[in-house]
Amino acid sequence: MRIPMTEYLAIDLDSELWLCRVCEHDLGDARGNYKEGTLVYDRDPREIHPSILDPEKYEYTFAPDPLFCRILEFYCPGCGTQIETEYTPPGHPPTVDMIWDIDALKKQWADREGDPETLINYGPGENAISEPRPPHTHSHSHAQH
C-alpha cells in the first residue's frame, strides 16, 4: 500500500521505501531520510536571488552571501522531478524534514478502507483538487479620524 506524503513523495508500506510519486523510483528506506536517495544540486543563492545593489559599489547587496548560505535542490534520479529545496549554511548536511513511525502508519491504514492515493490528494497530475477561495474584501475604512 502506498501512502502519499507530499506532492511528489509516497511511502510504500509493504516494502518500507520512499517512492517518487511521478515515476515510482525507489528513494530509500522509509525509516530514513528520503533526501539520501535523491540527486542534489548545490546552488549559489545569487543565481536565484540576484543583487539589488551594484556589487562593485556595495559590500551588502541584499543577495544572500554564498559564504553563509547555499540552496540545496533535491531531484528524483529516475525522472528529474524537483522534490524539495532548502537553504542551508555551506557544507551543512541535508536536513531531515520528515520522520514517520512506519509501524503506526501500517496499523492506521490496516483499519481504513479505500485507496490512500485517492483519499489523500496532494497532486501531482489531473486529480489535483484546489478549493476556490472567495475574493478578499476590505471591511475597514481608510477615513481620517
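Higher on the page you've got the structure.
Computed from a prediction, not measured in an experiment: that's the story for all the values here.

Engineer: What is the right way to read the overall build of the chain from this model?
Structural biologist: Counting its secondary structure elements, the chain contains two helices and seven strands. Counting from the amino terminus, the chain carries its helices and strands in the arrangement β-β-β-β-β-β-β-α-α. Every one of the 145 residues in the chain was classed for burial, and the buried ones make up 30%. Looking at the chain alone, contacts between residues at least 24 apart form 44% of all its contacts between residues at least 6 apart. Surface exposure of the chain reaches about 10200 Å², of which carbon and sulfur atoms provide 52%.

Engineer: Sorry, what's going on with the sheet that holds strand β1 (residues 2-4) here?
Structural biologist: Strands belonging to one sheet form pairs held by backbone hydrogen bonds; the direction of such a pair is parallel or antiparallel. Spatial strand order, β1-β2-β3-β4: four strands in an open sheet with antiparallel pairing. The sheet is open, and its two edges are formed by β1 and β4 (26-29), each paired on a single side. The mean angle between the axes of side-by-side strands here comes to 30 degrees, regardless of whether they run parallel or antiparallel. One ladder, built from three bridges, connects strand β3 (residues 17-20) with β4; its direction is antiparallel. Bridge pairing links L19 to D26 in β4.

Engineer: Help me understand the layout of surface pockets, please; the structure alone is not making it clear to me.
Structural biologist: What the largest pocket holds in volume is close to 200 Å³. The wall of the largest pocket is formed by R46, S51, P55, Y58, E59, Y60, T61, F62, A63, P64, D65 and P66. Classifying every residue of the lining of the largest pocket gives seven nonpolar, two polar and three charged.

What counts and what doesn't
- Residues numbered from 1 in each chain as written.
- Predicted model: local features only at pLDDT ≥ 70, side-chain atom pairs only at ≥ 80, totals over all residues.
- Heavy atoms only, no water.
- Helix = DSSP H or I, 4+ residues; strand = E, 2+ residues; numbered from the N terminus.
- Buried < 20%, exposed > 50% of the residue type's maximum accessible area, 1.4 Å probe, protein only.
- Contact = heavy atoms within 4.5 Å.
- Areas by Shrake-Rupley, 256 points an atom, 1.4 Å probe, with all protein chains shown as cover.
- Pairing = 2+ DSSP bridges.
- Axes fitted to C-alpha atoms, helices over the stretch in contact; angles between N-to-C directions.
- 1 Å grid on protein atoms, 1.4 Å probe; cavity = no way out; pocket = protein on both sides within 12 Å on 5 of 7 lines; lining within 4 Å.
- Points joined across faces, edges and corners; volume = space filled by probe spheres on them.
- Nonpolar A, V, L, I, M, F, W, Y, C, P; charged D, E, K, R; others polar.

The values reported here are purely geometric and, on their own, carry no functional implication.
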